[in-house]
Amino acid sequence: MRYARCHSVAAVAAALATVSNGHMIMANPKPFGGPDLDNSPLTSSNYPCKLKGDPATFYKADGLDNTMAVGESQTLSFKGSAVHGGGSCQLAITQDLQPSVSTSWQVIESIEGGCPSKSGQGADTYDWKIPDGVAPGKYVFAWTWVSKLAGQPEYYMNCAPITVTGGQSKRSDNETLEILPRDSQFPELCVVNLADINSCKTEPGTDPEYPNPGPNVVRPGTNNKFAKIQGDNCVPKGATSSGSSGNNKSDAGGSDSGNESSSPSVTSSSSVSSSTSSASVGSSLPGFFITSVTQGESSSSSSSMSPASTPSSSVPAVASSAAPAGSSSPANSSSSVPVSGLTGPCTAEGMFNCIGGTSYQQCASGSWSVVMQMPPTTKCAEGQTMTLWGRDEMPPRKIGRRGH
């Protein structure tokens, strides 16, 4: 009797140990949460990042040194044993250093199938990079996972503070900074299986295919069983996706209410050295990244836009080139004429408002941004869209799928 009782106690202890060491926690980059970070799936109440307690305390980066250079190989690794047959993961970043339920994320890589286990048997490590187009500065990195064989739809998410530095290549003396709309490179994060966030669900036993995986997609799994995610607008609260889910198409063409008024003052200046920029590297408009663009040695006119009413964080003045290298500046540049745009609050996060085909602004963090000029010879689609570009003006976009 005593042996049977001891055996039962040992079995229970072993089962509890399996549960406590089960599931997965991101080991590298070093995540927020410290020793209190548990490995259970997310609920709507602790989205994002397994948030626990006071955000200001939870998101402290003390002792978490995750410094990485653009373009250099990084390692994603895990702790835990219950890989649930693998599944699909996304890697994303945000400039919001204390992410909340309505934070907008930018996906820099999607791993469809084979994550966090390529074979479905044990945890693997993955190589990834901070892509070109991400400016140096401080970000929050997120790893999300939709498990394959958990028996029920689940969603996991760990986050880590990261500091992005410039790549190894030397910057040219004729290099300026240009704002790139987030939709031109990095789509919004896909969130599923959290009823209070959205209605999107995955099918147990499958490797989810993301409705908008972005330009960097890998499929390292050896036993993939892909399936579409079911639902519309599978993104965080307040965000809007231009991708479709399953057989449904998301409503990306809705319009926002906004008061037509004069935009912030736009002044032009000529004979400005192309190597000078008033933009602060690492600081950009919400939903935008700053990237470097090489210009010719001849000076060209540039427009300086000063924001008026902006979202919660201060926005630096940004100087953007108004004429390509080697071309003459157009007479009576349109940058010298104020352009009317929308002001005040907006609800369709990420929505672009194209004005006259030559200027645009974006709904970011609940407010309309300042009006900005389109690059020379490029037109946007008039009105409010999620893609900004007119169908006939869409720049080429190459999506490669590579294995680890």
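Everything quoted here is computed from the prediction, not taken from an experiment.

**Student:** Any details on the overall build of the protein chain? Residues and values, ideally.
**Tutor:** Summing up its helical and strand segments, the protein chain has two helices and 24 strands in all. Burial status across the protein chain gives 49% buried among its 404 residues. Sequence-distant contacts in the protein chain: of pairs separated by 6 or more residues, those separated by 24 or more amount to 71%.

**Student:** How would you sum up the pattern of salt bridges? Please name residues and give values.
**Tutor:** Enumeration over the complete set of coordinates arrives at five salt bridges. The salt bridge involving Glu-209 is made with Arg-219; its shortest N-O contact spans 2.6 Å. One end of the pair, Glu-209, is in strand 10 (residues 207-209); the other, Arg-219, is in the loop between strand 11 (216-218) and strand 12 (226-228), and ten residues separate them in sequence. Measuring nitrogen to oxygen at the nearest pair gives 3.8 Å for the salt bridge that ties Glu-209 to Lys-228. With Glu-209 in strand 10 and Lys-228 in strand 12, this pair connects stretches of sequence that are 19 residues apart. Lys-228 gets classed as partly exposed once you look at its relative accessible area, which sits at 46%. Overlapping salt bridges, with partners in common, bring together Glu-112, Glu-209, Arg-219 and Lys-228 in one network.

**Student:** Please set out the state of the cysteines residue by residue, giving values where relevant.
**Tutor:** Per the counting criterion, the structure on display carries five disulfides. Residue Cys-49 pairs covalently with Cys-159 via a disulfide, S to S 2.0 Å. One quick way to see it: the torsion about the S-S bond of Cys-49 and Cys-159 is about -80°, and its sign makes the bridge left-handed. Here Cys-159 lies in strand 8 (residues 156-165) and Cys-49 lies in the loop between strand 1 (25-28) and helix 2 (55-58), a separation of 110 residues in the sequence. In this structure, Cys-49 and Cys-159 share a single accessibility class: buried. Between the sulfur of Cys-200 and that of Cys-234 lies a disulfide, 2.0 Å long from S to S. Between Cys-200 and Cys-234, the disulfide has an S-S torsion of -90° and is therefore left-handed. Taken together, the positions of Cys-200 in the loop between strand 9 (175-181) and strand 10 and Cys-234 in the loop between strand 12 and strand 13 (259-262) put the pair 34 residues apart, joining distant regions of the chain.

**Student:** Got a sec to walk through the packing of aromatic side chains? Specific residues and values, please.
**Tutor:** One pair of aromatic rings is described through two measures. These are the centre distance and the angle between the planes. Summed over the entire model, instances satisfying the criterion amount to nine aromatic pairs. Ring geometry for Phe-352 against Tyr-360: centres 6.3 Å apart, planes inclined by 65°, an arrangement best described as edge-to-face. Considered together, Phe-352 and Tyr-360 belong to a single accessibility category, that of buried residues. Linked through ring pairs, Phe-78, Tyr-126, Trp-143, Trp-145 and Tyr-156 together constitute an aromatic cluster. Directly above the ring of Tyr-126 sits Lys-118, whose terminal nitrogen or CZ lies 5.2 Å from the centroid. Here the guanidinium or amino end of Arg-219 rests over the ring plane of Phe-226, the centre of that ring lying 4.0 Å away.

**Student:** Please set out the side chain of Asp-207 residue by residue, giving values where relevant.
**Tutor:** Relative to the elements of secondary structure, Asp-207 occurs in strand 10. In terms of polar contacts, Asp-207 uses its side chain to reach the backbone amide nitrogen of Gly-87, at 3.5 Å. Not counting residues up to four positions away in its chain, the partners in contact with Asp-207 are Gly-87, Ser-88, Gly-113, Gly-114, Lys-148, Asn-223, Asn-224, Lys-225, Phe-226 and Ala-227.

**Student:** Could you give me a rundown of unusual backbone geometry, with the residues and numbers involved?
**Tutor:** The linkage connecting Tyr-47 with the following residue, Pro-48, adopts the cis geometry, with an omega of 0°. Inspection of the secondary structure assignment puts Pro-48 in the loop between strand 1 and helix 2. Residues Cys-115 and Pro-116 are joined by a peptide bond in cis, for which omega reads 5°. As for its placement among the helices and strands, Pro-116 is situated in the loop between strand 5 (106-111) and strand 6 (126-129). Of note, Asn-193 is a non-glycine position whose phi angle comes to about 60°, a positive value. By the secondary structure assignment, Asn-193 is in the loop between strand 9 and strand 10.

**Student:** Pulling in residues and values, what's your account of the nonpolar core?
**Tutor:** Judged by nonpolar contacts, the single largest core of 28 residues is most densely connected at Leu-76, Trp-128, Ile-130, Phe-141, Trp-143 and Ile-162. Put simply, the parts of the chain that give this core at least two residues each are strand 3 (73-79), strand 4 (87-94), strand 5, strand 6, strand 7 (137-147) and strand 8. Excluding residues within four positions of it along the chain, Phe-141 makes contact with Met-26, Pro-29, Leu-91, Ala-92, Ile-93, Trp-105, Trp-128, Asn-158, Cys-159, Ala-160 and Ile-162.

**Student:** So what's going on with the pairing of strand 6? Residues and values would help.
**Tutor:** Burial of strand 6 is one-sided: the residues Tyr-126 and Trp-128 facing one way are buried, the residues Asp-127 and Lys-129 facing the other way are not. Summarising the sheet, strand 3 and strand 6 pair through four bridges and their orientation is antiparallel. Among the inter-strand pairings, Thr-75 is bridged to a residue of strand 6, identified as Asp-127.

**Student:** For the sheet that holds strand 1, give the residues involved together with the corresponding values.
**Tutor:** Read across the open sheet, the three strands follow the order 1-3-6; overall the sheet is antiparallel. Single-partner strands in this sheet number two, and they are strand 1 and strand 6. Along the sheet, successive strands turn relative to each other by an average axial angle of 40°, direction set aside.

**Student:** Break down the confidence of the model for the protein chain for me, citing the residues and quoting the values.
**Tutor:** Here the protein chain averages 72 in pLDDT, while 62% of its residues score no lower than 70. Counted against residues more than four places away or in other chains, residues 170-183, with its pLDDT under 50, gives 59 contacts. Segment residues 390-404 is flagged for pLDDT under 50; beyond a separation of four residues in sequence, or across chains, it makes 31 contacts in the model.

**Student:** Go over the environment of Tyr-155 with me, naming the residues and quoting the values.
**Tutor:** Counting through the fold element by element, Tyr-155 comes out in the loop between strand 7 and strand 8. The buried category is assigned to Tyr-155, whose relative accessible area is 1%. Sequence spacing of Tyr-155 and Leu-194 is 39 residues, and the spatial spacing of their C-alpha atoms is 7.5 Å. A distance of 3.1 Å separates a polar atom in the side chain of Tyr-155 from the backbone oxygen of Cys-190.

Definitions and cut-offs
- Residues numbered from 1 in each chain as written.
- Predicted model: local features only at pLDDT ≥ 70, side-chain atom pairs only at ≥ 80, totals over all residues.
- Heavy atoms only, no water.
- Helix = DSSP H or I, 4+ residues; strand = E, 2+ residues; numbered from the N terminus.
- Buried < 20%, exposed > 50% of the residue type's maximum accessible area, 1.4 Å probe, protein only.
- Contact = heavy atoms within 4.5 Å.
- Salt bridge = Lys/Arg side-chain N within 4 Å of Asp/Glu carboxyl O.
- Disulfide = S-S within 2.5 Å.
- Phe/Tyr/Trp six-rings, centres within 6.5 Å; stacked < 30°, edge-to-face > 60°.
- Lys NZ or Arg CZ within 6 Å of the ring centre and 35° of its normal.
- Polar contact = N/O pair within 3.5 Å; in protein donor to acceptor, adjacent residues only side chain to side chain.
- Core = buried A, V, L, I, M, F, W, Y, C linked by side-chain atoms within 4.5 Å.
- Pairing = 2+ DSSP bridges.
- Axes fitted to C-alpha atoms, helices over the stretch in contact; angles between N-to-C directions.
- pLDDT = per-residue confidence, 0-100.

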